[in-house]
Amino acid sequence: VNVTQFQKPQSSGPNCWNASLVAAKIIPQLRYSTPQEMSFWLQSPLCKEKKSNEALAPGDIIAILNKSGHQHHGFVYISENLSFSKNGVDSDNPYSLQDPKHVFAKYSVKPKCERTDKQGTCANHAKYYSCMSMDEYRKSYKTTDKTLQETIQSINSLECSFSKSL
């Protein structure tokens, strides 16, 4: 968040899903991320969905989904009155700190749908996730597979190269 706050990418591409995943340190680089990628990571062993009665913590990812459960927007919870978001893929859309109420209003999430466990009762609704970083995950599940470790390093290197062009 400190690195990208109020910054604009050099070119279009990085979006809300990418900003959320990078802020959670799940993926390392700024780039375009698809809604499918966001769903993949949120359903992975790195993340745990929080029920509506669970306390929120700074860094939790908030996913706004439509009635069908498809990703619509993603942003990061900081406090009751503060969140981190990038609203759009255009380079003119900065990364910024915003009141979550503003983000919910922008993406048509009614107050009763900001924290609900029932999918389908709202046109757009929010789900909350607590995620560990990729480094935390890799430390807790160490592998001795040298090929896998080299593949991960190569992918990170490629992502770094792509990110530098943005």
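My aim in this report is to walk through the structure given alongside it, one point at a time.

Cut-offs and rules
- Residues numbered from 1 in each chain as written.
- Predicted model: local features only at pLDDT ≥ 70, side-chain atom pairs only at ≥ 80, totals over all residues.
- Heavy atoms only, no water.
- Helix = DSSP H or I, 4+ residues; strand = E, 2+ residues; numbered from the N terminus.
- Buried < 20%, exposed > 50% of the residue type's maximum accessible area, 1.4 Å probe, protein only.
- Polar contact = N/O pair within 3.5 Å; in protein donor to acceptor, adjacent residues only side chain to side chain.
- Core = buried A, V, L, I, M, F, W, Y, C linked by side-chain atoms within 4.5 Å.
- Contact = heavy atoms within 4.5 Å.
- Salt bridge = Lys/Arg side-chain N within 4 Å of Asp/Glu carboxyl O.

### Concerning the environment of Ser-96
In step 1: Inspection of the secondary structure assignment puts Ser-96 in strand E5 (residues 95–98).
In step 2: Taking relative accessible area as the criterion, Ser-96 reaches 11% and is therefore assigned buried.
In step 3: For Ser-96, the side chain forms a polar contact with the side chain of Gln-98, separated by 2.8 Å.

### Looking at the nonpolar core
In step 1: Formed by 15 residues in total, the largest nonpolar core has its most connected members in Leu-21, Ile-26, Met-38, Trp-41, Leu-42 and Ile-61.
In step 2: Among the secondary structure elements, those contributing two or more residues to this core are helix H1 (16–23), helix H2 (35–42) and strand E2 (61–66).
In step 3: For Leu-42, the contacting residues outside a window of four places in its chain are Cys-47, Ile-61, Ala-63, Gln-71, Tyr-129 and Cys-131.
In step 4: Membership of the second largest hydrophobic core comes to twelve residues, among which are Ile-64, Phe-75, Val-103 and Tyr-128.

### Considering the pattern of salt bridges
In step 1: Inspection of the entire model under this criterion finds five salt bridges.
In step 2: One salt bridge connects Glu-114 with Lys-101, and the closest N-O pair in it is separated by 2.8 Å. Remark: Lys-101 occurs in helix H3 (residues 100–106) and Glu-114 occurs in the loop between H3 and strand E6 (124–131); sequence separation between them is 13 residues.
In step 3: Assessed through its relative accessible area of 10%, Glu-114 is described here as buried.

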